[in-house]
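Here's the letter readout for the chains.
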Amino acid sequence: RKEVEQDPGPFNVPEGATVAFNCTYSNSASQSFFWYRQDCRKEPKLLMSVYSSGNEDGRFTAQLNRASQYISLLIRDSKLSDSATYLCVASGSGGYQKVTFGTGTKLQVIP
Amino acid sequence: EPEVTQTPSHQVTQMGQEVILRCVPISNHLYFYWYRQILGQKVEFLVSFYNNEISEKSEIFDDQFSVERPDGSNFTLKIRSTKLEDSAMYFCASSLTSGIDNEQFFGPGTRLTVL
């Protein structure tokens, strides 16, 4: 089983749509979770940290369910500029510095 | 806004040659990392570095790899004898902390092509 698993997509959604990505992690000792976005052939960029209480940043909402070892990202009112690959990240199982990336979910927002 | 920089942006080398990839982390950050991403695959952790020593490394980071912080600003990754399968994008990252809110900032990457 992959340490961090994501549906690779692609998710093709119209502008203005709401889209949700899911991610599961296998190591229950993981402590920190993040969503990054990666544009084609570019570096990953931090989108947001994920907390059990859930957190929101504008159109983006992230949620963590430790019992189910499940992380989600919700994007509301999708923009063309949201088109990217969204990477789920877990760390802390072997030390906070060692992070494990998922393979990413590709989002394409269509005009 | 401070950023992580990497040089060169693209490195082409012959199999068996040594390469050194360079990174300048964000100036007040204390933790430094190298990752690689083979084309079409996920980002993979290689190594983390703190206080002038390796703090964690993955199984990928074998004896062919080494890291160094030769001065107060640069952080380097050396691959001693490159193999074809070392062809990948190599990302450097840095963070201010290492705790639960370990937010890492990535450089633009060096694309390594081994022929």
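Our subject is the structure that appears above.
What counts, and where the lines are drawn
- Residues numbered from 1 in each chain as written.
- Chains lettered and ligands numbered in written order.
- Predicted model: local features only at pLDDT ≥ 70, side-chain atom pairs only at ≥ 80, totals over all residues.
- Heavy atoms only, no water.
- Pairing = 2+ DSSP bridges.
- Helix = DSSP H or I, 4+ residues; strand = E, 2+ residues; numbered from the N terminus.
- Axes fitted to C-alpha atoms, helices over the stretch in contact; angles between N-to-C directions.
- Buried < 20%, exposed > 50% of the residue type's maximum accessible area, 1.4 Å probe, protein only.
- Polar contact = N/O pair within 3.5 Å; in protein donor to acceptor, adjacent residues only side chain to side chain.
- Contact = heavy atoms within 4.5 Å.
- Salt bridge = Lys/Arg side-chain N within 4 Å of Asp/Glu carboxyl O.
- 1 Å grid on protein atoms, 1.4 Å probe; cavity = no way out; pocket = protein on both sides within 12 Å on 5 of 7 lines; lining within 4 Å.
- Points joined across faces, edges and corners; volume = space filled by probe spheres on them.
- Nonpolar A, V, L, I, M, F, W, Y, C, P; charged D, E, K, R; others polar.

### Regarding the sheet that holds strand β6 (residues 55-57) of chain A
Residue and element names in this part refer to chain A.
Part 1: One open sheet holds the five strands; their spatial order is β1-β3-β8-β7-β6, and the pairing between them is antiparallel. Where the open sheet ends on each side, the last strands, each with one partner, are β1 (4-6) and β6. With strand direction ignored, the average angle separating the axes of adjacent strands in the sheet is 20°.
Part 2: Where β1 and strand β3 (residues 19-25) come together, three bridges link them in antiparallel fashion. Pairing of Q6 across the sheet is with C23, part of β3.

### What about the pairing of strand β7 (residues 60-65) of chain A?
The side chains of a regular strand alternate between both faces of the sheet.
All names here are of chain A.
Part 1: With three bridges joining them, β6 and β7 adopt antiparallel strand pairing. When the bridges of β7 are listed, E56 appears paired with T61.
Part 2: Remark: two residues form the turn of the hairpin made by β6 and β7, two consecutive strands paired antiparallel; G58 in that turn has positive phi of roughly 65°.
Part 3: Of the strand pairs in this sheet, β7 and strand β8 (residues 70-75) are connected by six bridges, and their pairing is antiparallel. Residue pairing across strands places F60 opposite I75, the latter belonging to β8.
Part 4: Counted between consecutive antiparallel strands, the loop separating β7 from β8 contains four residues, among which Q69 sits at a positive phi close to 55°.

### Structural notes on the side chain of H29 of chain B
Residues and elements named next belong to chain B.
Part 1: Here H29 lies in the loop between β3 (19-24) and β4 (31-37).
Part 2: The buried category is assigned to H29, whose relative accessible area is 9%.
Part 3: A polar side-chain atom of H29 sits 2.7 Å from a polar atom in the side chain of S94.
Part 4: Setting aside residues up to four positions removed in sequence, H29 forms contacts with S94, S95, L96 and F105.

### Quick look at the side chain of T82 of chain B
All names here are of chain B.
Part 1: Mapped onto the elements of the fold, T82 is located in the loop between β8 (75-79) and β9 (88-95).
Part 2: For T82, a relative accessible area of 1% translates into the label buried.
Part 3: There is a polar contact of 3.2 Å between the side chain of T82 and the backbone oxygen of Q14.
Part 4: Not counting the four nearest positions on each side in its chain, T82 is found in contact with T13, Q14, M15, G16, Q17, V19 and V114.

### Describing the pattern of salt bridges
Think of it this way: side chains of opposite charge can pair up when their charged atoms draw near.
Residues and elements named next belong to chain A.
Part 1: All told, the structure shown has five salt bridges over all chains when counted by the stated rule.
Part 2: For E56, the salt bridge is made with R76, and the minimal N-O distance between the two is 3.5 Å. Of this pair, E56 sits in strand β6 while R76 sits in the loop between β8 and β9 (84-91), and the two are 20 residues apart along the sequence.
Part 3: Residue E56 is classed as exposed on the basis of its relative accessible area of 58%.
Part 4: The residue K79 makes a salt bridge to D77 at a minimum N-O spacing of 2.9 Å.
Part 5: D77 sits in the partly exposed class, given a relative accessible area of 35%.

### Looking at the layout of surface pockets
Part 1: Empty space within the largest pocket amounts to approximately 520 Å³.
Part 2: Forming the walls of the largest pocket are 25 residues, and the residues nearest its centre are Q38, R41 and T85 of chain A together with Q37 and G40 of chain B.
Part 3: Elements with a minimum of two residues in the lining of the largest pocket: β9 and β11 (105-110) of chain A together with β9 of chain B.
Part 4: Examining the composition of the lining of the largest pocket, we find that four residues originate from one element, β11 of chain A, more than from any other.
Part 5: Residue classes in the lining of the largest pocket are distributed as nine nonpolar, 10 polar and six charged.
Part 6: Here the second largest pocket defines a volume of roughly 330 Å³.
Part 7: Lining the second largest pocket are 13 residues, and of these E43 and K45 of chain A together with E1, F105 and F106 of chain B sit closest to its centre.
Part 8: Mapped onto the lining of the second largest pocket, the elements with two or more residues apiece are β5 (44-50) of chain A together with β10 (105-106) of chain B.

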